[in-house]
Amino acid sequence: MLQITNLHASIDDQPILRGIDLCIKDGEVHSLMGPNGSGKSTLAKVLAGDEAYEITEGSIVLNGHDLLEVDPHERAAAGLFMAFQYPVEIPGVTMKYFLRTAINSIRKNRGQDELDAYEFLSLVKERAAMVELDLDLLDRPVNGGFSGGEKKRAEIFQMAMLEPTACILDETDSGLDIDALKIVADGVNKMRSPERSFLVITHYQRLLSYIVPDVVHVLVDGRIIRTGDKQLALELEEHGYAWVEQKNAVDA
Amino acid sequence: MTTNQPCTFSDRSKAIAPDGFTARRTEAIDRFQEILWPTMRDEAWRYTDTRPIASVEFAAADPASTADLESIAPFMLDDDMPKIVFVDGVYQASCSTASNMPGVHIDRIANVLASDPQRLADRLSAHADWQDDPASALSTALLTDGVLVEIEDGASMREPLHIIFVSQGGPDPISVHPRVLVVAGNNAKGTVIESHVGTSEHTILTTPVTELIAGNDVRLDHYRMVREGEGTWHLGDLALHQGSNTEVSSCVLAFDGPVIRTRMRGTLAGEHGNAILHGLALGHGKRHIENLLRVNHMVPNCRSREAFKHVLEDNATAAFTGRIYVAEGAQKTDAVQTNRNLLLSSTARSTARPQLEIYADDVKCTHGATAGELDPEAMFYLQARGVPTEAARSMLVQAFAGEILDDVAPASLRAQAMMLLRNRLPAAEHLAVIE
Amino acid sequence: MTTDPNAMLDQWAEQSDYRWGFVTDIEADTVPPGLDEGVIRFISAKKNEPEWLLEWRLEAYRHWLTMDEPEWAHFPDHPWGPIDYQAISYYSAPKSDEDRPKSLDEVDPKLLETYEKLGIPLEERAALAGVAVDAVFDSVSVATTFRDKLKEHGVIFCSFSEAVQEHPELVKQYLGSVVPANDNYFAALNSAVFTDGSFVYIPKGVRCPMELSTYFRINALNTGQFERTLIVADDDAYVSYLEGCTAPMRDENQLHAAVVELVALENSEIKYSTIQNWYPGDENGVGGIFNFVTKRGLCKGNHSHISWTQVETGSAITWKYPSCILKGDDSIGEFYSVALTNMKQQADTGTKMIHLGKNTRSNIVSKGISAGHGQNTYRGMVNIRRGATNARNYTQCDSMLMGEECGAHTFPVIEVSNDSAQVEHEASTSKIGEDQIFYCNQRGISPEDAVSMIVNGFCREVLAELPMEFAVEARKLLEVSLEDSVG
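Residues numbered from 1 in each chain as written. Chains lettered and ligands numbered in written order. Predicted model: local features only at pLDDT ≥ 70, side-chain atom pairs only at ≥ 80, totals over all residues.

> Any chance you could explain the overall build of chain A here in plain terms?
In terms of regular secondary structure, chain A is built from eight helices and 12 strands. For chain A, the spread of C-alpha atoms along the three principal axes comes to 60 × 40 × 35 Å. Looking at chain A as a whole, 44% of its 252 residues qualify as buried. Long-range pairs, those at least 24 residues apart, make up 69% of the contacts in chain A between residues at least 6 apart in sequence. (Helix = DSSP H or I, 4+ residues; strand = E, 2+ residues; numbered from the N terminus. Buried ≥ 20, exposed ≤ 12 C-beta atoms within 10 Å, placed from the backbone. Contact = placed C-beta atoms within 7 Å.)

> What exactly am I supposed to notice about the sheet that holds strand β3 (residues 29-33) of chain A here?
Neighbouring strands of a sheet are bound in pairs by backbone hydrogen bonds; such pairs are parallel or else antiparallel. Residue and element names in this part refer to chain A. The mixed open sheet is built from six strands, whose spatial order is β6-β9-β10-β3-β11-β12. Each edge of the open sheet is held by one strand with a lone partner, namely β6 (80-83) and β12 (223-228). Each adjacent strand pair in this sheet contributes to an overall mean axis angle of 20°, direction not counted. As paired elements, β3 and strand β10 (residues 197-202) share five bridges and run parallel to each other. Counted as the bridge partner of His30 is Leu199 from β10. Along the sheet, helix α1 (residues 40-48) contacts β3, β6, β9 (166-170), β10 and β11 (215-220); its crossing angle with β6, the most-contacted strand, is approximately 145°. Sitting on the sheet, helix α7 (residues 230-239) touches β3, β11 and β12, and the angle it makes with β11 is about 45°. (Pairing = 2+ DSSP bridges. Axes fitted to C-alpha atoms, helices over the stretch in contact; angles between N-to-C directions.)

> It is not clear to me how the environment of Ala411 of chain B should be interpreted in this structure. Could you clarify?
Residues and elements named next belong to chain B. In this structure, Ala411 sits in helix α9 (residues 411-424). Under the C-beta neighbour-count criterion, Ala411 is labelled exposed, with 11 such atoms within 10 Å. Expressed as a C-alpha distance, the spacing of Ala411 and Asp362, which sit 49 residues apart in the sequence, is 39 Å.

> Explanation requested: the environment of Lys46 of chain C in the structure shown.
Residues and elements named next belong to chain C. Mapped onto the elements of the fold, Lys46 is located in helix α2 (residues 37-46). According to the C-beta neighbour criterion, Lys46 is partly exposed, with 19 such atoms within 10 Å. Measuring from C-alpha to C-alpha, the distance between Lys46 and Thr195 comes to 9.7 Å, with 149 residues separating the pair along the chain.

> I would appreciate a short explanation of the sheet that holds strand β2 (residues 14-24) of chain A in the present structure.
All names here are of chain A. If you walk across this open sheet you meet the four strands as β2-β1-β4-β5, and the pairing is antiparallel. For this open sheet the edge positions go to β2 and β5 (65-66), each flanked by a neighbour on one side alone. Of the pairings in the sheet, the one linking strand β1 (residues 2-11) to β2 comprises eight bridges and is antiparallel in character. Across the sheet, residue His8 finds its bridge partner in β2, namely Arg18. Against the sheet, α1 makes contact with β1, β2 and β4 (54-62), and its axis sits at roughly 75° relative to β2, the strand it touches most.

Right, dumping it as structure tokens:
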């Protein structure tokens, strides 16, 4: 379970998140929607531990681990995964080498044995098939010269490899054509399980037709202003974000 | 060095009537006497041999020098562009048309020295690095006149100012020391064009020094066209000093003259400054071109772009030294420097020394240098499309130089430069005129 | 023994009368600190050298006396002060033959410990990798292996002293032919006082059946090391030579001024790889080796090929410019370098590619990493001479900065005197990417591992040029050298 309580975060003394409360139970898929600049991506980065942001208040707890107490790589070991909106390139480091280091770092941190070369490669083949990832990409530098679609698919592939318990997808749909979107969504759906929770951050409803959320939140100006079921996403698509604010005003 | 020439310079410097600049002249001539003309063992002078001028006794120009208007006509730009003309350092009232514009004060340095030297204090020779260079030291020691352009806070020059320095000389070798100082206040805008021109074959040493001082939020463009006569040594100096949120550009077009050596130094002293230094040199015969530049990134968040191109034919030589210096703490510096040499004959020679000196870690600095002939594949492609060899060559040279000339904003200057380039190229009749 | 250089000078002054008598005492194991013709005669006599070699040394010495110590403009005052050449002892040998290690098992355990830390136990390497080891301790060769196998192929691989005795004609022909005795200050000094080193000759048409390797170590207090290496590949020959160095902790600055000469004849290839991790000094810059090396290869024959690969992580100051003279038509010169400076280290390294022959090619890849207060400089020259028709050069020079107090500098010179040349130089400087580290962290990789991974990726093109087992050591070395530099 991922429990976020009264989370405030700022960058250069500029508050971005102004009190987020969010609880994602095991097995649930939540979607976070909001206009540009509302703080969606900030929330993803804060969860993963980006040091550019200062946490001024609140807590993040994943399955009993206080994430704010630990460094980004320990959060990953605790089971948190974030699919980046803009995956960075690392020249000279092959994807395969990178992933094997990642997986074994996490296993070591959890007190598990490291995977040997054979086990690792078997897992790679199995999981690459899940997102229809070309195995040749794994001998290329991390994200180096990947197309937009390949980058996003590689992110989901890494998620499948690392088997996290909480997955944050930061605008994974941006820049994807419909075929790539289906493949990515399909990969995510295959990973849905009773012990794994998802936070799908997106600007558009489109992705949610393929990854059907249990709960939809609307983030505006650093606060969740509305929470509902998947119907809320469709209404948003139709009426826009201003509609939520008006509706909220009327409700109040 | 046992020549009596430093003495001559010293005597000339001391002979200048005392004014507000006398103390600096004295410092500068003392400095010159110390360093004199370096040999090629000096790193900064490794590629320019000063022996031909080291023993020459250069006299001052005749104070009555005048220009033959007809002979300088080809060097002019737009007729109605405000201009100031000097012949061998002597101001020519008859053909100078520039006057003050709203918020812009254009004055002769000689007049300001006489009437209000305070306007020059901490500005004139404050940024040109005369201590390190004999030509610049000499220029400072013998400074008597030149042009001061002051742009008030918030003012814009409504049109470019064209300053023409004609090197004319006479039977005896002379040295002249043109000077330009541009001071742009906050939020100011302006364009200054210098032409250093001449057709005479007399022995002349010219050491022009230009200082551009920009306050904050300034946009300043500067061009220096060099078309000296066959006997003129041109050893120039340029200094840019920029405040915050500024964009200052300077472009040196070294088109004619046996020796054209230009030092450029840009200093980014305020954040979010952008320095653009460009150069294009055309060398043929035994011409020698040298560009030495240094950009100092002293504060964070600045950008600089330096692009220098040399086109070399016959026995021409070119040397480029460019250093990007990033001071400790000048984070987020973004600097790109390129030097490209096009060698069109087997006896032309180029040297490039692109240098990075970096003491801050969060920076993006790159430099690139190339030397070589025209791309054989491009040549082949053009020939396959029916373009004759000569014309294909010319076309590619024009394209090579065009990358610098395209950024020359004043249309009349760009057109003049394009035309000069075209005239230099064989089979020009095949080439479309590019405006 | 006292470690105060002034005290040593005093001691030397007191002994100077005695020294002249000392010259013929070739039973002695060391000479006291100091340098004069007597010391050179002593070294030469000790090594039973022919007269011509003594004369060659003396000529070099006399020339050295007329030369000035170089002062690179960029680092005018290093905090270590000037080098006192009279405080250096120019010859020392292990106490006696009985004390010399007969095999690698007898090697100083401290040295083996260092290898251990780098994950390459020496004896294992020799056995498993089929590497011939010619270990130089102090200045005398002590162990050579795999001799017989090499002999079968006619390959000569021996200490320089042995070569002088057994192959004087080859030594005489090639010694100083690439790096003349008066080439530069440190090369002249080396020529005067070199004590030993390696000699390799690959005969015509022979592909050397194994990688040749030498380990150097500096271990006697105040003993400068002046190795001399000469490698000759005859027509159609091939050899890959590996040089690796390590030094134990020291308090005293030590001078290392080696000379390496490579001669590649027609259609031959020499690959020379170096890993240098001498003691860099402590975090205040105290101690550490001065590494002033002259390395140069001559591509003498047509279609010859010389390739330098180096990983430089050690020494307080490194000045080193492995170069190629591309004299033969169609010859190729290559330089691949990783230089890492941490703490107060200074590395000033690069290459010269002199193109003389037609269709000559050179390729330069330099990767500099600066951390701590380290200063890293690439200094290089590409010179295309008039006759070098169709010459090609490509240079890529990348710097990575880690931390706010280090520096990265690039000073190339490109001289082109032939219009058919194509020369390209590219350089970039950038910070190690915070976004890259964060990305790795998010995937569970610790900051230290992330930095090491990114740095290794940055150096990949160079490391790929190293023989496999050397590449493993190099990667470890980069990791160890960057310990504690992640903020």
